[in-house]
Amino acid sequence: MELTVENLEKAVSHFYQNSATQSQLNLWLTAAQSSAQAWTFGWQLLDQSKPVEVQYFGASSLQIKISRFWHEIPADNYALFREKLIDAVMFYANGPKIVLTRLCLALSSMILHSIPDQWASPLNDFISVLQQASGERTLQSHHVTLLLEILTVLPEEFQNMKLAHDRKISVRRELLKAVKDVLPILREVICRGISREAQISPEDEAAALAGIKCFSSWIQHGVGIGLEESLHLVEPLLAVARNANLTEASLDALTHLLNHPEAHRYPNLLMDMLNKLLSLKDHLQLLRREGDLEGAAHIYATLAAFGESHSRLLLDAVLEDGLKKENVLQLTQIMLESTGTPGRYPLDENCSHLAFSFWYILQDDICTSSVEKQKIYESLFGPAYLALVDILLTKSMITVDQSDWSPDDKETFRCYRQDISDTLAYCYKFLRSTMMDRLASHLASTVSQCNQNPSEWPPLEACLHALKAVAENIETEADLLVPQILSLFGNIPYGSGHRYVVNTALETLGAYAEWLSAHPTYLGHVLPILLFGLNSSDAAPAATLALKDITRDCQIGIRPYAEALLQGAEQALRLDDLKDSEKIRLMYILGKVLSILPLDMIVASLNRVVGPCVEELRTLCTTREPDALTKVVLITRLKMIATLCTTLDLRISGGDDSEADESVTRQALAIQQQPVLLIAQQLLPFLKGVVDHWGADEQISESICLVVKHTVSTLMEESLSFLPELAAVIVQCHRLSPQAATLDVAKLIILIFSQASGDAQQLIRAFLSEIIGTTLQVCGVDYSTLTLDGVPSVDVNRLADNNEVLGSFLGLLTQIIKKNPKLLIGSSYPLSSLFYCGIVGLTRPESPVLKAATQFLVHFITQSRENPELVSVVQNQGQLLVAQLLSCIGGESPRALVEHTADVILALNKKYFDSLCRWMSTSLGRERFPSPLVSQSQKENFCRSILKEKSNKRRLQDIVREFSLLCRGLEGTEYSEQTSRILP
């Protein structure tokens, strides 16, 4: 379509009216804005007789041309173009606003391109134009608004424009010179919003708001204006902050000023500013009394920002007596007041969360101070943090009646409780035993209160929540109050208590698993409570999670309670209302407990637990047709058995007495087999039936692989006796449902038995050949017909559908090449096909596949010099490999993955330097390869740089990355500037 004004108008109109063609029209309109004709039609579309959207497109076109294509304007046309643009801005001074904003951006871009050589004093010149238009020295209100609009977008455009580094520095220098003229204007405008005896006019209030936003823009967008230059604006901003319509904007501006990266250089000015900020305290109290918590939140947020950005300054200030110390302590009290804002968060108030970061940063700086200073800080801030603990206990209470809570409110409160939990953990790092003493006192009183009146459960639940929060930070030998706290858990009314209380209590006990591992004598207080929780469907999730943690961390310590735990777990497994995830966790617990019991008890328990599972699997596979319900039951039973095989291991690891435990373990293994052998003997006869019946289902196949994986991981070499059966199961699974899970298990089996001899070695070779053959077929690699270079044909569509399988397959091959390359050499499939799979992996855009391919190729090339069979493969396919690597670099692979190709190039450079020289020369000699955007001299330069690097991997990656940018046409862009230039 021809670029005419009429066509552009039609295109813009259709763009806003017809969503079906928006994408296509957007491409055409975007291209039009970059064309040379945009200098002409941009002005033509700025006709107020045309629709607003057309005028907006014209203004945007001019802005884009000025910003990005300034070099297209002849130097002798600058003055004329400037006058024309200023006239357009003045013409649109009264709107439409969207058109005016684009024109202001265009004028800002012109200023930034022109100063100082082509336009020495743009600000003064524009003010003179406005004064002439007003007819007097004082500007009319809409001209003031226009001036502020220009001044606001100028820093934004400076930050967004892509300027050369030296030019950016020069422009910033000129903008900083203008600050002395800009800030007085802003001060005068902002002061119009200060409340006095006469009521503020809407025009003055709007001007003040625009002035405040302009000030924020100059601070935020990299101009360099900071605290020292802006201090005289702090008092006017604080004054207008008392105006409800200006509160948010003025305090946001002050916050930007506080967060300025250079603010820390002026500690005295900052403390003076804090003193001024605290003058808002009376206004803050007024807002709270009037119920204006939104206005109060803005003040709290600004004060919190001061503390977050300058906490170290605050700590230094309290070391000296005087006003500064008083102000810091006053700030701390205001932050406590903020956190303790009455009401339910987030329904009734939105202030209590604002100071969380303040409390964290302050305690972190306290805890990293010297010991002498910490003692001073403890006396000054300790009471505040202790009061904070009490406040957080109140704020974290769950509301009994949540009928008026929306799902979003509940989720917000859940996140809020997590933030409280984190803050309590920070408090503990500072207060230590003082906080634990306070929590112990709270727990005793709330337990007593809840026993007397069960409806008063929220304070108890909140206290338990706090104890859970600090558990992770408690040192095993440091706190003597934990036993006292754990003893109180026995008095909690679990039977008649609220489910929130019960669940939080059980979760809290699980959180102290690490502490209990060092103090196993207190397990007697804990385990009966957790076993009680197993009998309740509401409490079972928390109870199983807690028991899982405790049996993992305290396996040695639970020996006196093992029979009770065994009985409780087995009894819970017989319950009908347990969820599948809870049954799986119970098998984890059962395995940990059985591992420390005598063999006869292990066998009896396995018969009671595993026997029914195996029988159910047999029944499901022989009498039930596949359906959704059967599938769920099958997956659950398989995962239960897999989990048991993970944890039922006589090779238990202890704590401090690990040497003695290791001796006991060796003795146990010397006189008896691993119990998982018994499970395998029961399960394997039916597992093949499961595979035959259900193996094509991906999820069930994955669950079967999980069973085999955990069985082999536990038994290791002991699984040799039934290795043929295990291998047959995995081979059949891989045939019916090829996936990463089957390849991962195959990798485990092959690596464990890679050094086996005799029949076992023959079995592993046959197993590997089956896995390789099936995978090549799945990925569409036809190894039956090879070229002279040994290259098979590949079905690209099948390969694309099985990227995950290819990635896992290459990972398997990598491990075999690293551990025992003779296994691959002795397989029944040509090595050239496997090597070509690695080359094919380089063509995939998915990160895991490409990484796996490069790792395989690197190890294949590295090992090849020690194995003549591999050398011929690399020599035959080396040219193809180099061509594919260059294609990846030239644009075939995503930019983020290109540097991985350097690993392969480095391996070739070390092992096949002469051949690499020939391969690189041949490939780079092709025209327009690997990209039409690079010249022959650039390719030759790249080749020389590559061949010089035989050891420095990082430098080679930089060379590859830089050449890739050249190939993609990204040289000189902002992305390119972020990359260090290596090529000359």
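Residues numbered from 1 in each chain as written. Predicted model: local features only at pLDDT ≥ 70, side-chain atom pairs only at ≥ 80, totals over all residues. Heavy atoms only, no water.

Under the annotation held in an unreviewed UniProt entry, the protein chain carries the name Importin-13 and is attributed to Daphnia sinensis. Check the Subunit (unreviewed entry) section of the UniProt entry for the protein chain; it says "Interacts with UBC9, RAN, RBM8A, eIF-1A and PAX6." (UniProt positions renumbered as here; feature names shortened; annotations may be inferred.)

> What exactly am I supposed to notice about the packing of helix α16 (residues 293-309) against helix α19 (residues 356-367) here?
When two helices pack together, their arrangement is given by the angle between the helix axes and by the axis-to-axis distance. Running from N to C, α16 and α19 cross one another at 20°; their axes reach a closest spacing of 8 Å. In terms of axis orientation, α16 runs roughly parallel to α19. Crossing hand, α16 versus α19: left-handed. Taking contact as the criterion, the partners of Ala304, Gly307 and Glu308 in α16 are, on α19, Ser357, Phe358 and Ile361. Residue composition of the contact of α16 with α19, by class: three nonpolar, two polar and one charged. (Axes fitted to C-alpha atoms, helices over the stretch in contact; angles between N-to-C directions. Helix = DSSP H or I, 4+ residues; strand = E, 2+ residues; numbered from the N terminus. Parallel < 35°, antiparallel > 145°, perpendicular 65-115°, else oblique. Left-handed = near helix turned anticlockwise from the far one by under 90°. Contact = heavy atoms within 4.5 Å. Nonpolar A, V, L, I, M, F, W, Y, C, P; charged D, E, K, R; others polar.)

> How do you make sense of the environment of Val849 when you look at a structure like this?
Checked against the element boundaries, Val849 lands in helix α43 (residues 847-864). A residue is classified by how much of its surface remains accessible, and Val849, at 4% relative accessible area, is buried. When the C-alpha atoms of Val849 and Gly807 are compared, they prove to be 4.3 Å apart, with 42 residues separating the residues in sequence. Those residues in contact with Val849, other than ones at most four positions away along the chain, are Asn803, Leu806, Gly807, Leu810, Gly841 and Arg844. (Buried < 20%, exposed > 50% of the residue type's maximum accessible area, 1.4 Å probe, protein only.)

> Please clarify how the pattern of salt bridges should be interpreted in this entry.
Oppositely charged side chains are able to pair whenever their charged atoms sit close together. Taken as a whole, this structure holds 33 salt bridges when the rule is applied. In this structure, Glu616 engages Arg637 in a salt bridge whose closest nitrogen and oxygen atoms are separated by 2.5 Å. Here Glu616 is found in helix α31 (residues 599-623), whereas its partner Arg637 is found in helix α32 (residues 628-647), with 21 residues between them in sequence. (Salt bridge = Lys/Arg side-chain N within 4 Å of Asp/Glu carboxyl O.)

> Would you mind showing me how to read the packing of helix α35 (residues 698-715) against helix α37 (residues 740-752) here?
Where α35 meets α37, the axes come as close as 9 Å, and the angle between the chain directions of the two elements is 20°. Between α35 and α37, the crossing angle belongs to the class labelled roughly parallel. Along this stretch, α35 crosses α37, giving a crossing that reads as left-handed. Only Ala741, Thr742, Val745, Leu748, Ile749 and Ile752 of α37 make contact with α35, whose side of the interface consists of Ser701, Glu702, Cys705, Val708, Lys709, Val712 and Ser713. Considering only residue class, the contact of α35 with α37 consists of eight nonpolar, three polar and two charged.

> What am I meant to see in the layout of surface pockets here?
Unoccupied space between atoms shows up once a probe the size of one water molecule is rolled over them. Of the volumes computed, that of the largest pocket is approximately 630 Å³. Lining the largest pocket are 21 residues, and of these Ile398, Arg414, Arg417, Glu461 and His465 sit closest to its centre. Elements supplying a minimum of two residues to the lining of the largest pocket: α21 (407-431), α23 (458-471), α25 (499-511) and α28 (540-553). The biggest single contributor to the lining of the largest pocket is α21, with seven residues. Each residue belonging to the lining of the largest pocket can be placed in one class, and the counts come to eight nonpolar, six polar and seven charged. (1 Å grid on protein atoms, 1.4 Å probe; cavity = no way out; pocket = protein on both sides within 12 Å on 5 of 7 lines; lining within 4 Å. Points joined across faces, edges and corners; volume = space filled by probe spheres on them.)

> I'm lost on a negative patch on the surface in this one. Help?
A contiguous patch of negative charge on the surface is contributed by Glu698, Glu702, Asp744 and Glu804. When you line up the elements, Glu804 lands in helix α40 (residues 803-819). On the accessibility criterion, Glu804 (59% relative accessible area) is exposed. (Patch = residues over 30% accessible without salt bridge, like charges linked within 9 Å, V, L, I, M, F, W, Y side chains within 5 Å. Areas by Shrake-Rupley, 256 points an atom, 1.4 Å probe, with all protein chains shown as cover. Lys, Arg positive; Asp, Glu negative; His and termini not counted. Charge placed at Lys NZ, Arg CZ, Asp CG, Glu CD.)

> Would you mind going over the environment of Glu174 with me for this structure?
For Glu174, the position within the fold is in helix α9 (residues 165-191). Placed 49 residues apart in sequence, Glu174 and Val223 show a C-alpha to C-alpha distance of 9.6 Å. The residues contacting Glu174, other than those within four sequence positions of it, are Ile115 and Pro116.

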